[in-house]
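Remarks on the overall topology
Listed below are the residues making up each chain.
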Amino acid sequence: LLPGKHRFNLHAFYGEFGGNKVDRDEIEVEHFTGWIDWAKQNGLGLDFNPTCFSHPKSGDGFTLSHADEGIRAFWIEHAKRCRVIGDAMGASLGSPCVTNVWIPDGYKDMPADRLAPRRRLEQALDEVFSDPLPNNLDAVECKLFGIGSESYVVGSHEFYLGYAVKNQTLLCIDAGHFHPTESIADKLSSVMLHVPEMLLHVSRGVRWDSDHVVLLTDELEDIARELVRGEFLDRTHIGLDFFDASINRVAAWTIGTRAMIKALLLALLEPTGKLRAMELEGDYTGRLALIEDLKTMPFGAVWEEACLRNDVPGAHAWLEEVRTYEKDVLSTRS
């Protein structure tokens, strides 16, 4: 249902453990060989995440920045093993794996010491990333707040921006991890001046909930335009970070992914060179007029042709395939 080539992102707790209890600091490449084989058969790249939540040792809201040295060492080992797994994925599939570190660490209410957890996190990350791996790309993901950490998040935007610039890792920017009225589009050109590559998590925030199904909104179009205008596409890994269990999951995936592809197509169709020339000449009137005219140009016909050439259903036809799949496959599952 999706035109183009794609990647698939896994969390560490989706390993195939054969019914055995394998703790997070014990995971191995062998637990993901089935996923690697599947990706190879389907022509997909794989990306990866440590899973630093839903575990007894993250129950108090801290992992890599934990004050307890033993718990901190547990999560460091988990993250190091995830990088090794990511490297194996990249080597097997011939495409580097982005291993993205996000942690839930923070306080629900006002902390007395904001510095110490961040110092511990910096030291933990230095240890996690200490061994270079040729087929793995390291990314760190910032957040403004989380459920249970409304007052203080250790891995804030400023922390991870500084860390990524200093250590030349990828910075992961999630569209739903900032203030509800704050767009990430304006951040991209600043970030890309200082880091080698970037990971995007494209989501749609509704008030303080950050992961609604992505739609073709003005905010999404702004993100895509910045990627194209800045010539950042070759240095950007576009991930989609959203879910909605209240609607058909295949439909949710399809709607959100197609929205991102449409936004990129709209940006690629823009006469960027002409707009820049007008701007340099001081013709701001002409620039504004052309930007406005672009909104009614026949993008839909180009999209339908793109779907046709990629042998996927266009317009609303894809939904009929989802309905059939829901009836014949999903409804039979317990």
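Remember, it's a predicted structure, so these values are computed and weren't measured experimentally.

Packed helices, taken two at a time, are described by their axes: the angle between them and the distance between them. Look at helix α7 (residues 249-269) against helix α10 (residues 299-309): their axes get within 11 Å of each other, and the N-to-C directions meet at 120 degrees. Regarding the angle of α7 to α10, the classification is oblique. At the point where α7 passes α10, the crossing takes the right-handed sense. Packed against α7, whose contacting residues are R258, I261, K262, L265, L266 and L269, the element α10 presents F299, V302, W303 and C307 at the interface. The residue inventory of the contact of α7 with α10, partitioned by class, reads eight nonpolar, no polar and two charged.

Turning our attention to the pairing of strand β5 (residues 136-141). Within β5, five of the six residues are buried, which leaves it mostly tucked inside the rest of the structure. The pairing of β5 with strand β7 (residues 170-174) spans three bridges and is classified as parallel. Bridge pairing links V140 to L171 in β7.

Within the largest apolar cluster, 51 residues are counted, with the highest numbers of intra-cluster contacts made by L64, L125, Y160, I173 and L200. Counting only elements with at least two residues in this core, the list comes to α2 (69-93), α3 (115-128), α4 (157-167), β7, α5 (185-192), β8 (198-202), α6 (218-229) and α7. Broken down by element, the residue count for this core peaks at six residues, all from α7. The contacts of L125, once residues within four sequence positions are left out, are L64, V101, F159, Y160 and Y163. Among the nonpolar cores identified, the runner-up in size contains 16 residues, and F8, L10, A12 and L93 belong to it.

Where α7 contacts helix α11 (residues 317-328), the two axes come as close as 10 Å, and the packing angle between them is 160 degrees. On the basis of their axis angle, the class for α7 and α11 is roughly antiparallel. As for how α7 packs across α11, the hand of that crossing is right-handed. Counted together, V250, A251, T254, I255 and R258 of α7 and W318, V322 and Y325 of α11 form the full contact between these two elements. Looking at the contact of α7 with α11 residue by residue, the class counts come to six nonpolar, one polar and one charged.

Quick look at unusual backbone geometry now. Backbone geometry at Q168 places phi at a positive 55 degrees, although glycine is not the residue there. Along the chain, Q168 turns up in the loop between α4 and β7. For Q168, a relative accessible area of 42% puts it in the partly exposed group. Despite not being glycine, D311 has its phi angle at roughly 60 degrees, a positive value.

Quick look at α3 now. The terminal C-alpha atoms of α3, which comprises 14 residues, lie 20 Å apart, in line with the 20 Å expected from a rise of 1.5 Å per residue. Among the residues making up α3, those that are buried are A116, P117, L121, A124, L125 and V128. Down the axis, α3 shows its buried residues gathered within 165 degrees of arc, on one side only. Elements that come into contact with the buried residues of α3 comprise α2, β3 (97-101), β6 (152-153) and α4.

The rules we used
Residues numbered from 1 in each chain as written. Predicted model: local features only at pLDDT ≥ 70, side-chain atom pairs only at ≥ 80, totals over all residues. Heavy atoms only, no water. Axes fitted to C-alpha atoms, helices over the stretch in contact; angles between N-to-C directions. Helix = DSSP H or I, 4+ residues; strand = E, 2+ residues; numbered from the N terminus. Parallel < 35°, antiparallel > 145°, perpendicular 65-115°, else oblique. Left-handed = near helix turned anticlockwise from the far one by under 90°. Contact = heavy atoms within 4.5 Å. Nonpolar A, V, L, I, M, F, W, Y, C, P; charged D, E, K, R; others polar. Buried < 20%, exposed > 50% of the residue type's maximum accessible area, 1.4 Å probe, protein only. Pairing = 2+ DSSP bridges. Core = buried A, V, L, I, M, F, W, Y, C linked by side-chain atoms within 4.5 Å. Expected span 1.5 Å × (residues − 1). Arc of directions from axis to C-beta.

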